[in-house]
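# Residue-level structure breakdown
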Amino acid sequence: MSDTNAGVPSTAANPTFAFHEGLALEPAGRFLWRGDAAALGIDAELLAHLTESGPLCFLDFEATGLDTETEAPIEAGAVLVSPGSTEVAVFNTHIRTTIPLSPFIQRLTGITPADIRTAPTLDEVARALDGFIGDVPVVAHNADFERTWLARAFAKRFAEHPFLDTIELFALVYPDLPNMKLDTLCRSKLGRRERHRA
């Protein structure tokens, strides 16, 4: 993980990057926070099992729409977990774009034009996220979509980066779920009710 973001003010000074308010996280640099897995509701035994083979980076984007050619990312969120550690690193920021946010996207994500108006540029976020992920395998829901965003908007190298897809993983673990939608998984298995956010 890159250490180039050290010394940047916390979320109190950067209200644009505050989706995780209420979570037990400490500022660790620009776009970066750290927290204890247990305080964030992550089971220590599960975390140890997940990282047996090495670190993992869980990733999600929110965007102005689904077309990676004509739309733009408006939020990036990632969580880095490492073997033998109960500390997690969190990357989260809105991303500035000139593409208008539709009422549907605003309702779905809770992100408003004011949130992205003064957010960092895609170039700033791309450099930081590239350093955060490094060579660590990425875990994402509908991984092809996230891989396409990473390769097109952030760094071309991600087209060949290792990815694990939670749709496939959850289908193996929970074959009786009615569907593999992220909302279904979050509500039925994680007990979470947040808005659709990165």
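Structure: above.
Summarised in this report is the structure supplied together with it. What you are looking at is a predicted structure, and each value in this text was computed from that prediction instead of being measured.

What counts as what
- Residues numbered from 1 in each chain as written.
- Predicted model: local features only at pLDDT ≥ 70, side-chain atom pairs only at ≥ 80, totals over all residues.
- Heavy atoms only, no water.
- Salt bridge = Lys/Arg side-chain N within 4 Å of Asp/Glu carboxyl O.
- Helix = DSSP H or I, 4+ residues; strand = E, 2+ residues; numbered from the N terminus.
- Polar contact = N/O pair within 3.5 Å; in protein donor to acceptor, adjacent residues only side chain to side chain.
- Pairing = 2+ DSSP bridges.
- Axes fitted to C-alpha atoms, helices over the stretch in contact; angles between N-to-C directions.
- Contact = heavy atoms within 4.5 Å.
- Buried < 20%, exposed > 50% of the residue type's maximum accessible area, 1.4 Å probe, protein only.
- Parallel < 35°, antiparallel > 145°, perpendicular 65-115°, else oblique.
- Left-handed = near helix turned anticlockwise from the far one by under 90°.
- Nonpolar A, V, L, I, M, F, W, Y, C, P; charged D, E, K, R; others polar.

## Regarding the pattern of salt bridges
Scanning the model with the defined rule gives three salt bridges in all. When the shortest N-O distance is used, the salt bridge between Arg30 and Glu124 registers 2.8 Å. Taken together, the residues Arg30 in the loop between β1 (26-29) and β2 (32-36) and Glu124 in helix α4 (residues 122-133) connect sequence positions 94 residues apart. Arg157 is paired through a salt bridge with Asp130; the nearest N and O atoms lie 2.7 Å apart. Note that Arg157 is positioned in the loop between α5 (143-154) and β7 (163-165) and Asp130 in helix α4, a separation of 27 residues in sequence.

## Structural notes on the side chain of Asn92
Checked against the element boundaries, Asn92 lands in strand β5 (residues 87-94). In this structure the side chain of Asn92 is engaged in a polar contact, spanning 3.3 Å, whose partner is the backbone oxygen of Ala76.

## Some thoughts on the pairing of β2
Consecutive side chains along a regular strand alternate between the two faces of the sheet. Pairing of β1 with β2, which is carried by three bridges, proceeds in the antiparallel orientation. Within β2, the position partnered with Pro27 by the bridge is Trp33. The turn joining β1 and β2, which pair antiparallel and follow one another in sequence, is formed by two residues; a positive phi near 70° is taken by Phe31. Examined bridge by bridge, β2 and β5 share five bridges and lie antiparallel to one another. Its bridge partner lying in β5, Trp33 is registered against Val90.

## Things to note about the sheet that holds β5
Judged by pairing direction, the sheet is mixed, and its seven strands sit side by side in the order β1-β2-β5-β4-β3-β6-β7 without closing on themselves. Each edge of the sheet is formed by a strand with only one pairing partner; in this case those strands are β1 and β7. Put simply, the sheet's adjacent strands are angled 25° from each other on average, direction ignored. Taken together, the eight bridges between strand β3 (residues 56-63) and strand β4 (residues 73-81) define a ladder with antiparallel strand orientation. Bridged to Glu62 within β4 is Glu75. Running at roughly 80° to β3, α5 makes contact with β3, β4, β6 (138-140) and β7 of the sheet. Contacts from helix α6 (residues 166-173) reach β6 and β7 within the one sheet, and its direction differs from that of β7 by about 45°.

## Thoughts on the side chain of Thr166
Relative to the helices and strands, Thr166 resides in helix α6. Residue Thr166 is classed as buried on the basis of its relative accessible area, which comes to 12%. If we ignore the near neighbours within four places in the chain, the residues touching Thr166 are Val139, Ala140 and His141.

## With respect to the packing of α4 against α5
Packing of α4 against α5 leaves a shortest axis separation of 10 Å and a crossing angle of 125°. By the angle between their axes, α4 is oblique relative to α5. Here α4 and α5 pass one another in a crossing that is left-handed. Listed contacts from α5 to Leu122, Val125, Ala126, Leu129 and Ile133 of α4 are Leu150, Ala153 and Phe154. Split into classes, the residues belonging to the contact of α4 with α5 amount to eight nonpolar, no polar and no charged.

## Focus: the environment of Thr51
Relative to the elements of secondary structure, Thr51 occurs in the loop between α1 (44-50) and β3. The exposure class of Thr51 is buried, given its relative accessible area of 2%. Once the C-alpha coordinates of Thr51 and Ser82 are considered, the two residues, 31 residues apart in sequence, prove to be 6.0 Å apart. Other than its neighbours up to four places away in sequence, Thr51 contacts Val81, Ser82 and Pro83.

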